[in-house]
Amino acid sequence: MKFVTEPRWLDDTQQAAWRALLAIVNCGLSQLERTFKAHGLLSVHYSILVGLSASADDTMRLSDLADAANVSQSRLTHRLRTLVDRNIIEVTADSADGRGKNATLTASGRQLLESLAPSHAENVQRMLFDHLTPTETANIASGLSKIAAHLCNPGANPEAADLDGPTIR
């Protein structure tokens, strides 16, 4: 005999939060993409560049870069092709461990990132933070960091979410 459990329906507050999140994802992300598309990039490419720029010598192991950009290694490898072909990054064998590979932000990649960062930051400010108080921003940062930690690191302690992590530009 099977036991059927009642679905955990969303309450009114959860429903409002969920619908607002969907609106941000469906409307807001496409607006942010326009900044990148003008330069032949996607937001995932920008995340890769930011991850590299936050690391020592603009270099990371590919496995660490995938984690930093919140993508699978397979998706990272696919997206790196565009960046390598355009000389935005270089991929080389890890000299310390011949089995691994490193990605390095090139000088032209750094220049591209630095040219994109101001307009991207302004778009994020305009779309999100101009509409929130500092307290609301802190609450959203706390809540979303817990969710991101759970989604990106299942089994990790959500209370240990790093709110002081690398600056996202």
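No experiment lies behind these values; they were computed from the predicted model shown. (Residues numbered from 1 in each chain as written. Predicted model: local features only at pLDDT ≥ 70, side-chain atom pairs only at ≥ 80, totals over all residues. Heavy atoms only, no water.)

Draft legend 1. Broad picture of the overall build of the protein. Looking only at helices and strands, the protein has six helices and three strands in total. Moving toward the C terminus, one meets the helices and strands of the protein in the order α-α-β-α-α-β-β-α-α. Burial statistics for the protein: of 169 residues in total, 28% are counted as buried. Here the contacts in the protein between residues at least 6 apart in sequence split such that 55% fall between residues at least 24 apart. For the protein, the exposed surface amounts to about 11700 Å²; the carbon and sulfur share of it is 55%. (Helix = DSSP H or I, 4+ residues; strand = E, 2+ residues; numbered from the N terminus. Buried < 20%, exposed > 50% of the residue type's maximum accessible area, 1.4 Å probe, protein only. Contact = heavy atoms within 4.5 Å. Areas by Shrake-Rupley, 256 points an atom, 1.4 Å probe, with all protein chains shown as cover.)

Draft legend 2. View of the packing of helix α1 (residues 12-37) against helix α5 (residues 107-127). Relative orientation of the contacting elements α1 and α5 amounts to 165°, with a least axis distance of 10 Å. Put simply, α1 runs roughly antiparallel to α5. Our pair here, α1 against α5, has a crossing hand that is right-handed. Residue-level contacts link G28, Q31, L32, T35 and F36 of α1 to L116, S119, H120, N123, V124, R126 and M127 of α5. Classifying every residue of the contact of α1 with α5 by side-chain character gives five nonpolar, six polar and one charged. (Axes fitted to C-alpha atoms, helices over the stretch in contact; angles between N-to-C directions. Parallel < 35°, antiparallel > 145°, perpendicular 65-115°, else oblique. Left-handed = near helix turned anticlockwise from the far one by under 90°. Nonpolar A, V, L, I, M, F, W, Y, C, P; charged D, E, K, R; others polar.)

Draft legend 3. Helix α2 (residues 43-53), seen in detail. Among the eleven residues in α2, nine count as buried, and that is most of the element. Considered for burial, the residues of α2 that qualify are V44, H45, Y46, I48, L49, V50, G51, L52 and S53.

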